[in-house]
Amino acid sequence: ECNKYEESASMLYEKLIDNGYKNVYFVINKESKHVQFIKNKYKNNIIWAHTFKHYLNFFRCRKFIGTETVMHVLELRVANTFVTKKLEAQKFKFVFLQHGVMYMVSLDAKTRIFFVKGKAMPKDAKIVVSSKVEADHFVELGGFNYEDLYITGLPFYDRTIKKENADKITIMPTWRPWDYNTLI
């Protein structure tokens, strides 16, 4: 719902800006508590969600990179004919970051049928996955090819800070219930 500036989306956005890309924009709600954490260096390319500029750039853009499905790229529930036509025409590139990698619920779940290649997920979509096991999951159950997947490992923890008295590091990836019984 465009309320967060975190995870892989903000990291990628900043990296693209740092590498000199000019036509990269991050959409966020103006009232989001996360706005205060965006460094001034990156604020020139912020687009406030649900503004004319947001909608205009939606129709003009040729590439979406996001942690949401392409159906949610503008709003969570859209009933606009022009938006539907743009999404159905699939005349754009889409890179799905998931929710910071390792988010996916099993693709054989009825609620995840829209992640199957060629359904709501464009035929040429690319997906960031954390491991070969996760890539296999998208190939076996989602109809994707290995060429459609970016196996990146776990994301870097660039924004973490070490507290002076800390004696432990705890990493807790999000849950993936279909992996409980997987032997690697």
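Here the structure is shown first, and the text comes after it.
Broken down by element type, the protein chain carries five helices and six strands. Element order for the protein chain, N to C, with α for helix and β for strand: α-β-α-β-α-β-α-β-β-α-β. Counting only residues that meet the buried cut, the protein chain has 36% of its 184 residues in that class. A fraction of 59% describes how many contacts in the protein chain between residues 6 or more apart in sequence connect residues 24 or more apart. As displayed, the protein chain has an accessible area near 12,600 Å², and 55% of this comes from carbon and sulfur atoms.

In this structure, strand β4 (residues 93-96) lies alongside strand β5 (residues 126-129), joined through two bridges in parallel fashion. In the sheet register, valine 95 faces β5, and the bridge partner there is lysine 126. Bridge analysis of β5 against strand β6 (residues 149-151) gives three bridges, and the strand direction is parallel. Bridge pairing in β6 places valine 128 opposite tyrosine 150. With respect to chirality, the unit in which β5 leads through helix α5 (residues 132-142) into the neighbouring parallel β6 is right-handed.

What follows deals with the environment of isoleucine 47. Counting through the fold element by element, isoleucine 47 comes out in strand β2 (residues 46-48). In this structure, the C-alpha to C-alpha distance between isoleucine 47 and valine 27, residues 20 residues apart in sequence, is 4.8 Å. Excluding anything up to four places from it in sequence, isoleucine 47 contacts Tyr25, Phe26, Val27, Ile28, Lys53, His54 and Asn57.

This part takes up the sheet that holds β6. Strand pairing in a sheet is mediated by backbone hydrogen bonds. Such pairs are either parallel or antiparallel. Taken together, four strands build an open sheet; the order of strands is β3-β4-β5-β6 and the sheet is parallel. Of all strands in the sheet, those with a lone pairing partner are β3 (63-66) and β6, marking the two edges. Direction aside, the axes of adjacent strands within the sheet are offset by 15° on average. The strands touched by α5 within the sheet are β5 and β6, with β6 carrying the most contacts at an inclination of about 165°.

Conventions adopted
Residues numbered from 1 in each chain as written. Predicted model: local features only at pLDDT ≥ 70, side-chain atom pairs only at ≥ 80, totals over all residues. Heavy atoms only, no water. Helix = DSSP H or I, 4+ residues; strand = E, 2+ residues; numbered from the N terminus. Buried < 20%, exposed > 50% of the residue type's maximum accessible area, 1.4 Å probe, protein only. Contact = heavy atoms within 4.5 Å. Areas by Shrake-Rupley, 256 points an atom, 1.4 Å probe, with all protein chains shown as cover. Pairing = 2+ DSSP bridges. Right-handed = clockwise from strand over helix to strand, strands pointing away. Axes fitted to C-alpha atoms, helices over the stretch in contact; angles between N-to-C directions.

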